[in-house]
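Structural features, examined
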Amino acid sequence: MPEPTTMACVSTIENLRATAHPVRLRLLSLVTGAAMSAAEAGRELGVSQAAASYHLRVLERAGLVRVVETVRLRGGDAKRYRHESSGRRFRLDAADGPAPEPVPAEDQRVYVEALVQELLRRTDDRTTGPSTSTDAELWVAPETWRRVVQHVGDAAALLHAAARPPRTAGTVPVSMTVSMFPMRRP
């Protein structure tokens, strides 16, 4: 098996554009639990191998997935992709590094629309069990905000690190969608 390649360093805007499609959002979740080829991912998502391959290449160019293995199948090579999100940390303040570049409002809207569509799809599959949902537009102290962002980031990292291949015995499918951001003063 070849050594994993280093993920490309790309801009926040490129990441946002790459994930602003429901299939790519689902692919990112899928290849968090296991490395998968386009054919394997396509079967799991109910899309063609060609469509899965195209979307995986878009995610690879944005540095969101990487090829972790190439296997020989039926006279051709199949790349297996993996999303290594569990190792990523979240920028909390200026001391954590340079600020990300501003994202154009239209790119943000396209991304949010893709998130909404994906959340609606997942809601159709909702079942009983432990869950939480919240919506808030509040005024809080900066330290409280930093702590909440850190806790939610830790929870996301825990879920990504614990992700297993689809349909693994003893696992259940779960959904986590979070969008947190400071707002302008009115």
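Residues numbered from 1 in each chain as written. Predicted model: local features only at pLDDT ≥ 70, side-chain atom pairs only at ≥ 80, totals over all residues. Heavy atoms only, no water.

So, on to the pairing of strand β1 (residues 66-73). Here 7 bridges tie β1 to strand β2 (residues 76-82), and the two strands are oriented antiparallel to one another. Within β2, the residue paired with Leu-73 across the bridge is Gly-76. The antiparallel hairpin formed by β1 and β2 contains 2 residues in its connecting segment, where Arg-74 sits at a positive phi of about 40°. (Pairing = 2+ DSSP bridges. Helix = DSSP H or I, 4+ residues; strand = E, 2+ residues; numbered from the N terminus.)

Within the fold, Thr-32 resides in helix α2 (residues 22-33). In this structure, the C-alpha to C-alpha distance between Thr-32 and Ala-161, residues 129 residues apart in sequence, is 8.2 Å.

This part takes up the packing of α2 against helix α5 (residues 105-124). Think of two packed helices as two axes; the pair is described by the angle between the axes and how far apart they sit. Two elements in contact, α2 and α5, have axes separated by 9 Å at closest approach and are oriented at 65°. The orientation of α2 relative to α5 falls into the category roughly perpendicular. Judged by the sense of rotation from one axis to the other, the crossing of α2 with α5 is right-handed. Here Pro-22, Leu-25, Arg-26 and Ser-29 of α2 come into contact with α5, specifically with Tyr-111, Ala-114, Leu-115, Gln-117, Glu-118, Arg-121 and Arg-122. (Axes fitted to C-alpha atoms, helices over the stretch in contact; angles between N-to-C directions. Parallel < 35°, antiparallel > 145°, perpendicular 65-115°, else oblique. Left-handed = near helix turned anticlockwise from the far one by under 90°. Contact = heavy atoms within 4.5 Å.)

Let us now look at a nonpolar patch on the surface. A cluster of nonpolar residues, Val-148, Leu-159, Val-172, Val-174, Met-176, Val-178 and Met-180, forms a patch on the protein surface that exposes about 580 Å² of accessible area. Residue classification places Val-148 among the partly exposed positions, given a relative accessible area of 36%. (Patch = residues over 30% accessible without salt bridge, like charges linked within 9 Å, V, L, I, M, F, W, Y side chains within 5 Å. Areas by Shrake-Rupley, 256 points an atom, 1.4 Å probe, with all protein chains shown as cover. Salt bridge = Lys/Arg side-chain N within 4 Å of Asp/Glu carboxyl O. Buried < 20%, exposed > 50% of the residue type's maximum accessible area, 1.4 Å probe, protein only.)

What follows concerns the pattern of salt bridges. Under the counting rule described, the total for this entry stands at 8 salt bridges. Arg-121 is paired through a salt bridge with Glu-118; the nearest N and O atoms lie 2.6 Å apart. On the criterion of helical spacing, the pair formed by Arg-121 and Glu-118 is a turn pair, its members being 3 residues apart in helix α5. Its relative accessible area of 3% is what places Glu-118 among the buried residues. The salt bridge involving Glu-118 is made with Arg-122; its shortest N-O contact spans 3.0 Å. Of the two residues, Glu-118 and Arg-122 both sit in helix α5, 4 residues apart, roughly one turn of that helix. For the pair shown, Glu-118 and Arg-122 are each scored as buried.

Across the 12 residues that make up α2, a large majority, 9, are buried. Among the residues of α2, Val-23, Arg-24, Leu-25, Leu-27, Leu-28, Leu-30, Val-31, Thr-32 and Gly-33 are the ones counted as buried. Structurally, α2 contributes buried residues whose contacts are with α1 (12-19), α3 (38-45), α4 (49-61), β2, α5 and α6 (142-162).

These values are about where atoms sit, not about what they do.
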